[in-house]
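For reference, the chains in residue letters:
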Amino acid sequence: MKRLAGGCLCGRVRYEARGEALFGVVCHCRDCQRASGAGHVPVIGFRKSNFSITGQTRSVQAADVERDDPTEFKPDYVQFTRDRRDWDGLRFDVPQHHTAGQ
Ligand SMILES: [Zn+2]
C-alpha cells in the first residue's frame, strides 16, 4: 500500500497515509464494539510521520471517517476473538488471537 486517503462524511476533514501499513487487524474487543456499534472494527496502523490530517478537527474516530478506496484493507490477523459476538459471522483466513495480537 503506497497511499491511503479518505475523510469525514461531510468532506471538511481529509486524511492521508503514505508508505507501507505497519499492520492491518480486525478487532473484536469491547472498546471497538462500543465505539462503532458493530461486532468488529478494521484497523490499519501507519507511522505517525507518514500520516497527515487537513481541515478543522476536534477528534478523529474510526467511525467518523471513510476511505476513498475501501478495497485496500486486508487484515494480517484478527484479535480479541474472545469478545466476538455469536451473530458476527464474518470470518477471515488469517491468524486468530484470543486477546491482543502481535
Ligand atoms: Zn479493539
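Definitions and limits used
- Residues numbered from 1 in each chain as written.
- Predicted model: local features only at pLDDT ≥ 70, side-chain atom pairs only at ≥ 80, totals over all residues.
- Pairing = 2+ DSSP bridges.
- Helix = DSSP H or I, 4+ residues; strand = E, 2+ residues; numbered from the N terminus.
- Axes fitted to C-alpha atoms, helices over the stretch in contact; angles between N-to-C directions.

**Things to note about the sheet that holds strand β4 (residues 41-45)**
Each strand in a sheet pairs with its neighbour through backbone hydrogen bonds, running either in the same direction (parallel) or in the opposite one (antiparallel).
In step 1: Taking strand neighbours across the sheet as the criterion, the three strands line up as β4-β3-β7 in an open arrangement whose pairing is mixed. Edge strands, defined here as strands with exactly one partner in the open sheet, are β4 and β7 (77-79). Between one strand axis and the next, the sheet turns by 30 degrees as a mean value, whatever way the strands run.
In step 2: Pairing between strand β3 (residues 23-27) and β7: three bridges, direction parallel. Its bridge partner being in β7, valine 25 is matched across the sheet by tyrosine 77.

**Focus on unusual backbone geometry**
In step 1: In the Ramachandran plot, phenylalanine 80 falls in the positive-phi region, its phi being about 55 degrees despite a non-glycine side chain.
In step 2: Position of phenylalanine 80 relative to the elements: it lies in the segment after β7.

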